[in-house]
Each structure stands twice: as structure tokens, then as C-alpha cells.
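# An overview of the molecular structure
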Amino acid sequence: MAMAWIWTGMVALSLLFGLVNGSISQVANAAMEGAGAAVTLCLALAGVICLWSGVMEVIRRGGLAAGLARLLRPILIWLFPENRDNQEAMEALSANVSANLLGLGNAATPLGIRAAAAMKRGQIATNDLCMLVVLNTASIQLIPATVAGVRASAGAVSPFDVLPAVWITSICSVAAGIGVARLLARRESA
């Protein structure tokens with residue numbers, strides 16, 4: 001709801017300043033150009049999202065997701081100790097982490113919601129739920145598919161040339177997030 005108010009305020013201010021400055025036609029033209037650019041970007045990203053969502057589905061149907069889940073299980077148990085025996089939560093967490101590794105935030109979101117629903121205990125945000133939010137916010141990525149899609153639609157010659165920077169920043173953000181979440185969890189239990 002807050003974003004609706006923010007966008008409404010920005011549009012109202014743009015119109016007001018356009019009227020005051022006598023440049024309302026330029027404001028209208030900029031709005032139309034922006035709307036066209038948004039549609040073009042959405043169509044370009046739809047292709048990228050479909051491609052990588054399809055790759056995720058092939059991984060799942062081919063049994064690689066189960067293998068990845070086994071590979072990730074020790075890490076997930078360490079990160080989510082309260083849910084170590086919750087098979088439904090572990091499967092959803094594994095799928096969520098896999099989607100995030102591929103840079104598919106759109107595919108990872110419903111999987112994260114499914115994991116959160118499986119881990120939910122009443123109305124309390126447990127340490128594991130907080131860790132899930134931290135991991136999804138920081139999102140370690142091996143293949144930044146969405147970023148590459150945006151760069152490709154903007155005309156980048158080599159959209160994946162940002163890989164080293166993405167790897168470094170995502171590892172740093174995940175490490176910092178996990179560290180702070182663990183510190184606050186210990187502080188709460190003390």
C-alpha cells in the first residue's frame with residue numbers, strides 16, 4: 001500500500017511541476033516513452049525467465065533437484081536447525097536455494113513462501129524463518145539470469161561479463177547476512 005502512495009505522489013509531483021514549468025507535453029511524452037520501454041523490458045525478461053524456469057523444471061524432472069537437495073542438506077541443516085526433521089521444509093528450501101543460485105528470484109519466491117509455510121509455528125518469526133528471509137534477500141547467485149536478461153535487453157555485448165562481481169558481492173552479502181542472523185539468534189537465546 002505504501003508503494004501505491006509513493007508512486008501516486010511521484011506522478012502527481014511530475015504533473016504539478018510540468019504544469020508550473022509549462023512542460024506538461026514533455027512530461028506526457030516521457031511517460032509514454034517510459035511505458036513503452038517498460039513493456040519492452042518486460043517482454044525481454046519474460047523470455048529469460050521462461051528459459052531459466054524451464055531449465056529448473058528439467059532439473060527437477062531429471063532428478064538433479066533431488067541430488068542437489070542431498071548435496072545442500074548438510075548446509076541447510078546447519079542454517080535451519082529447528083527444521084532438520086521437517087522434510088517438506090527441507091525440500092522447499094532446497095528448491096528455493098537452487099532457484100536463487102540460478103538467479104531466478106521470480107521462481108524462488110513461491111518456493112520460499114512454501115518453505116516459510118512449512119516452517120511456520122503460529123504467529124512467531126522463528127530464527128529459521130528469519131534466516132530464510134536473510135538468505136532470500138541476500139541471494140547468492142552463480143548465474144544471474146535476470147541481471148543478464150536486463151543487460152542483454154539494454155544492448156550489452158556480453159551480458160554475463162558481470163559474473164565475478166556478482167559472485168563476490170553475493171558471497172559477501174550472504175556471509176554478512178548469515179553472520180548477523182546467527183549473532184542476533186544467539187543474543188536472543190542468551
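Note that the structure is a prediction, hence the values are computed from the model and not measured.

A few words on the packing of helix 6 (residues 127-138) against helix 8 (residues 163-189). Close contact between helix 6 and helix 8 brings their axes to 9 Å; oriented N to C, the two are set at 165°. Classed by the angle they form, the pair helix 6 and helix 8 counts as roughly antiparallel. Helix 6 and helix 8 meet at a crossing whose hand is right-handed. Listed contacts from helix 8 to Asn127, Met131, Val134, Leu135 and Ala138 of helix 6 are Ser173, Val174, Gly177, Ile178, Ala181, Arg182, Ala185 and Glu188. Considered class by class, the residues forming the contact of helix 6 with helix 8 number eight nonpolar, three polar and two charged.

Let us look at the packing of aromatic side chains. Applying the stated criterion across every chain, the model contains zero aromatic pairs. Directly above the ring of tryptophan 78 sits arginine 182, whose terminal nitrogen or CZ lies 4.4 Å from the centroid.

Here the focus is the side chain of asparagine 100. On the secondary structure map, asparagine 100 appears in helix 4 (residues 87-101). The residues contacting asparagine 100, other than those within four sequence positions of it, are Gly105, Ala108, Asn136, Ser139, Ile140 and Gln141.

Attention now moves to helix 1 (residues 2-21). The end-to-end C-alpha separation of helix 1 is 28 Å, in line with the 28 Å expected for 20 residues at 1.5 Å each. Phi for glycine 22, located one or two positions after helix 1, is positive at around 75°.

On the surface, Met3, Ile6, Trp7 and Met10 cluster together into a nonpolar patch covering about 430 Å² of accessible area. When you line up the elements, methionine 3 lands in helix 1.

Glancing now at helix 3 (residues 64-79). Helix length check: helix 3 (16 residues) gives 22 Å between terminal C-alpha atoms against 22 Å at 1.5 Å per residue, within 8%. In helix 3, a bend of some 50° at leucine 72 exceeds every other bend along the element, and proline 74, a proline, comes one to four places later. Buried residues along helix 3 sit against helix 4, helix 6 and helix 8.

Attention now goes to the nonpolar core. Core analysis: the largest hydrophobic core is formed by 21 residues, its most contacted members being Leu76, Phe80, Leu93, Met119, Met131 and Leu135. When contributions to this core are tallied by element, the ones reaching two or more residues are helix 3, helix 4, helix 5 (105-119), helix 6 and helix 8. Here this core takes six residues from helix 4, the largest share from any one element. When neighbours within four sequence positions are excluded, leucine 76 is seen to be in contact with Met90, Leu93, Ser94 and Val97. The next biggest cluster of nonpolar side chains, apart from the first, holds nine residues, and it includes Leu104, Ala108, Leu111 and Ala145.

With that out of the way, let us pick up the environment of isoleucine 168. Within the secondary structure, isoleucine 168 is located in helix 8. C-alpha separation for the pair isoleucine 168 and arginine 84, spaced 84 residues apart in sequence, amounts to 29 Å.

The next point concerns the state of the cysteines. In this structure the tally under the stated criterion is zero disulfides. Free cysteine: cysteine 42, not disulfide-bonded; nearest cysteine sulfur from cysteine 50 at 12 Å.

Rules used in this analysis
Residues numbered from 1 in each chain as written. Predicted model: local features only at pLDDT ≥ 70, side-chain atom pairs only at ≥ 80, totals over all residues. Heavy atoms only, no water. Axes fitted to C-alpha atoms, helices over the stretch in contact; angles between N-to-C directions. Helix = DSSP H or I, 4+ residues; strand = E, 2+ residues; numbered from the N terminus. Parallel < 35°, antiparallel > 145°, perpendicular 65-115°, else oblique. Left-handed = near helix turned anticlockwise from the far one by under 90°. Contact = heavy atoms within 4.5 Å. Nonpolar A, V, L, I, M, F, W, Y, C, P; charged D, E, K, R; others polar. Phe/Tyr/Trp six-rings, centres within 6.5 Å; stacked < 30°, edge-to-face > 60°. Lys NZ or Arg CZ within 6 Å of the ring centre and 35° of its normal. Expected span 1.5 Å × (residues − 1). Patch = residues over 30% accessible without salt bridge, like charges linked within 9 Å, V, L, I, M, F, W, Y side chains within 5 Å. Areas by Shrake-Rupley, 256 points an atom, 1.4 Å probe, with all protein chains shown as cover. Salt bridge = Lys/Arg side-chain N within 4 Å of Asp/Glu carboxyl O. Bend = angle between axes of the 7 residues up to and from the residue. Core = buried A, V, L, I, M, F, W, Y, C linked by side-chain atoms within 4.5 Å. Buried < 20%, exposed > 50% of the residue type's maximum accessible area, 1.4 Å probe, protein only. Disulfide = S-S within 2.5 Å.

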